[in-house]
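Topology and contacts: notes
So the chains spell out like this:
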Amino acid sequence: MSVNALNRVFDAATALVKATPALGGFSPWPDAPALAQREPTLVPVVATLHTELAGAVSSDGLAIPQHHQDLIDAILASADDIEWRRTYTEQEVGADFMRRYGYFELLGPSGHFFDQSTRAFIGYWGTGLHYPWHAHQAEELYFVIAGSAEFAVSEERCHRGVGDTQLHTANQPHAMTTAKDGHGILTFVMWRGDGLDGLPAMTPDVI
Ligand code: ZN
């Protein structure tokens with residue numbers, strides 16, 4: 001496993017957090033967390049990530065900020081060293097969803113870098129996917145690195161594009177649908193609070 005590759009991802013994520021007050025203010029970001037030994041684990045979407053993120057632009061067609069691009073480049077450079085995960089089963093989300101999404105825990109209790117007060121994931125969903133209603137105890141802040149999606153909380157529907165954030169409070173059911181054309185969505189997701197080491201679980205549809 002390439003330690004340097006993962007360090008590059010962490011350094012790019014640190015730059016993103018420091019440049020983004022909403023992220024820096026959400027939960028503490030450690031200076032030098034210990035690197036954990038995690039086995040690289042690939043999921044199908046990794047094979048298409050380079051293509052899907054090539055020339056990523058914001059939803060209004062503008063080039064994305066350089067510190068977003070630096071993180072994308074670091075993820076692509078280290079994709080084969082990452083322990084990619086998929087929380088759900090094909091029965092819950094369908095085969096197409098399973099083929100075209102994946103995430104990893106960069107920082108946290110079971111992350112590539114160890115921390116017990118902040119958990120940070122990087123997740124990708126391809127175009128035209130519906131992430132059904134789900135919830136978890138930890139509070140969550142999504143930040144859009146590239147692409148866009150419609151987030152659903154209660155009866156609210158919010159389009160979130162590059163640089164936007166989306167907050168989910170403890171145990172609040174939420175759902176997400178990515179745009180049918182253009183790029184999928186690459187997200188930086190922070191968790192804090194009770195239930196930090198938990199997992200999301202599907203909930204009944206809210207509407
Ligand atoms: Zn969530």
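About the cut-offs
- Residues numbered from 1 in each chain as written.
- Predicted model: local features only at pLDDT ≥ 70, side-chain atom pairs only at ≥ 80, totals over all residues.
- Heavy atoms only, no water.
- Helix = DSSP H or I, 4+ residues; strand = E, 2+ residues; numbered from the N terminus.
- Donors = N, O, S within 2.8 Å, 3.2 Å for Na, K, Ca; no water.
- Tetrahedral: all angles 85-135°; square planar, octahedral: opposite > 155°, others 65-115°.
- Buried < 20%, exposed > 50% of the residue type's maximum accessible area, 1.4 Å probe, protein only.
- Pairing = 2+ DSSP bridges.
- Core = buried A, V, L, I, M, F, W, Y, C linked by side-chain atoms within 4.5 Å.
- Contact = heavy atoms within 4.5 Å.

The next subject is unusual backbone geometry. Positioned with a positive phi, Ser 154 is a non-glycine residue whose angle comes to about 50 degrees. By secondary structure assignment, the location of Ser 154 is in the loop between strand E6 (149-153) and strand E7 (156-160). Despite not being glycine, Asn 171 has its phi angle at roughly 65 degrees, a positive value. Summarising the element assignment, Asn 171 is placed in the loop between strand E8 (165-168) and strand E9 (174-178).

All right, on to the coordination of the zinc ion then. When four donors bind a metal tetrahedrally, each ideal donor-metal-donor angle is 109.5 degrees, and when six bind octahedrally, the ideal angles are 90 or 180 degrees. In this structure, His 136 (NE2), Glu 140 (OE), Glu 140 (OE) and His 174 (NE2) serve as the protein donors to the zinc ion, at separations of 2.1 to 2.6 Å. Metal-centred angles of 54 to 146 degrees between the 4 donor atoms at the zinc ion mark the site as irregular. All donor residues of the zinc ion come from one chain, and their arrangement in sequence is H-x3-E-x33-H. A single burial state applies to His 136 and to Glu 140, both of which are buried.

The next thing to look at is the pairing of strand E4 (residues 130-135). Residues in a regular strand point their side chains to alternate faces of the sheet. Of all 6 residues that make up E4, 5 are buried, and the element is covered over most of its length. Pairing of E4 with E9 involves 3 bridges; the strand directions are antiparallel. Note that in E9 the partner of His 134 across the bridge is His 174. Bridge count between E4 and strand E11 (residues 201-202): 2 bridges; the pairing is antiparallel. What sits directly across from His 134, in E11, is Met 202.

Across a sheet, paired strands are connected by hydrogen bonds in the backbone, their directions being either parallel or antiparallel. As summarised here, the arrangement of the 5 strands in space is E7-E6-E9-E4-E11, forming an open sheet in which the pairing is antiparallel. Of all strands in the sheet, those with a lone pairing partner are E7 and E11, marking the two edges.

Right, let's talk about the nonpolar core for a bit. One finds Trp 29, Leu 71, Ile 72, Trp 84, Ile 122, Leu 186 and Phe 188 to be the most contacted residues of the largest nonpolar core, which totals 40 residues. Broken down by secondary-structure element, the contributors of at least two residues to this core are helix H1 (3-19), helix H3 (46-53), helix H4 (66-78), strand E1 (101-108), strand E3 (119-125), strand E5 (139-146) and strand E10 (185-192). Top contributing element to this core by residue count: H1, with 7 residues. Setting aside its immediate chain neighbours within four residues, Ile 72 contacts Leu 53, Ala 56, Ile 64, Ile 145, Ala 146 and Leu 186.

What follows is about the pairing of E6. Counting buried positions over the 5 residues of E6 gives 4, a clear majority of the element. With 5 bridges connecting them, E6 and E7 associate as antiparallel partners. By the bridge assignment for E7, Ala 149 is matched with Arg 160. Here E6 folds back onto E7 in antiparallel fashion, the turn holding 2 residues, of which Ser 154 has a positive phi close to 50 degrees. Two elements, E6 and E9, share 5 bridges in a ladder whose sense is antiparallel. The partner of Phe 151 across the bridge, within E9, is Met 176.

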